[in-house]
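Residue-level listing of the chains:
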Amino acid sequence: MTGKYYAWHKAWHREGARLVHDSGLAVHDDAELGWCTCDDTTEAWSAFESARGMPLHDQLARLQRLLKEAAQWQP
C-alpha cells in the first residue's frame, strides 16, 4: 500500500545548480544555510498553491516539507 507522498521524488528535477519542483518552486544548496528557495520563484509558487485552493496560512508548512524533500532528493 502506498502513502500520500509515494513517489514524491518524481516531482523534482535538476536545472543547472537548482532543484525545481513541478509546482515551479526552485531551490539551491547554500553552504551556510542549507537548502534555500530562489527568490524569483517563490511568488509564482505561492500563486500556484493559492490556485490549487491552499490557504496562505498552510503554505509555510508545505514550503518546509518541500525543502525537506529537496534535501533528501537524489537524481
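For the structure itself, look to the data block above.
Residues numbered from 1 in each chain as written. Predicted model: local features only at pLDDT ≥ 70, side-chain atom pairs only at ≥ 80, totals over all residues. Heavy atoms only, no water.

**Let's talk about the overall build of the protein chain**
Per the secondary structure count, the protein chain includes 2 helices and 4 strands. Reading the helices (α) and strands (β) of the protein chain from amino to carboxyl end gives β-β-β-β-α-α. Taking 2.2 N^0.38 as the reference for a compact globule, 75 residues should give roughly 11 Å; the C-alpha atoms of the protein chain span a radius of gyration of 12 Å, in line with that estimate. Each principal axis of the C-alpha atoms in the protein chain carries an extent, and together these give about 35 × 35 × 20 Å. Within the protein chain, the proportion of its 75 residues that are buried is 28%. Here the protein chain has roughly 5300 Å² of accessible surface; of this, 54% comes from carbon and sulfur atoms. Here the protein chain carries 8 positive and 11 negative side-chain charges, and the mean point of each set is 10 Å from the other. (Helix = DSSP H or I, 4+ residues; strand = E, 2+ residues; numbered from the N terminus. Rg over C-alpha atoms; globule rule 2.2 N^0.38 Å. Buried < 20%, exposed > 50% of the residue type's maximum accessible area, 1.4 Å probe, protein only. Areas by Shrake-Rupley, 256 points an atom, 1.4 Å probe, with all protein chains shown as cover. Lys, Arg positive; Asp, Glu negative; His and termini not counted. Charge placed at Lys NZ, Arg CZ, Asp CG, Glu CD.)

**Overview of the packing of helix 1 (residues 39-51) against helix 2 (residues 56-72)**
In contact at an axis separation of 11 Å, helix 1 and helix 2 are set at 120° when each is read in the N-to-C sense. It follows that helix 1 is oblique to helix 2 by the angle criterion. The crossing of helix 1 and helix 2 is right-handed. Residue-level inspection shows W45, S46, E49 and S50 of helix 1 in contact with helix 2, the latter providing L56, Q59, R62, L63 and L66. Taken together, the residues that form the contact of helix 1 with helix 2 break down as 4 nonpolar, 3 polar and 2 charged. (Axes fitted to C-alpha atoms, helices over the stretch in contact; angles between N-to-C directions. Parallel < 35°, antiparallel > 145°, perpendicular 65-115°, else oblique. Left-handed = near helix turned anticlockwise from the far one by under 90°. Contact = heavy atoms within 4.5 Å. Nonpolar A, V, L, I, M, F, W, Y, C, P; charged D, E, K, R; others polar.)

**As for the nonpolar core**
Ranked by size, the top nonpolar core spans 9 residues in total: W12, L19, L25, V27, W45, L63, L66, A70 and W73. If you tally residues by element for this core, the top one is helix 2, at 3 residues. (Core = buried A, V, L, I, M, F, W, Y, C linked by side-chain atoms within 4.5 Å.)

**What to know about the pairing of strand 4 (residues 34-37)**
Sheet analysis places strand 3 (residues 26-30) next to strand 4, joined by 4 bridges and oriented antiparallel. Directly across from D30, in strand 4, lies its bridge partner G34. Where strand 3 folds back on strand 4, the antiparallel hairpin that results is connected by 3 residues. (Pairing = 2+ DSSP bridges.)

**A few points about helix 2**
Note on helix geometry: an α-helix contains 3.6 residues per turn, so any two residues three or four positions apart are oriented the same way. Helix length check: helix 2 (17 residues) gives 25 Å between terminal C-alpha atoms against 24 Å at 1.5 Å per residue, within 8%. For helix 2, the full list of buried residues reads Q59, R62, L63, L66, E69 and A70. Angularly, the buried residues of helix 2 cover 120° about the axis, an arc narrow enough to put them on a single face. Exposed residues lying more than 90 degrees from the buried face of helix 2 are H57, L60, K68 and Q72. Buried residues along helix 2 sit in contact with strand 1 (12-15), strand 2 (18-21), strand 3, strand 4 and helix 1. (Expected span 1.5 Å × (residues − 1). Arc of directions from axis to C-beta.)

Taken by themselves, the reported measurements are silent on function.
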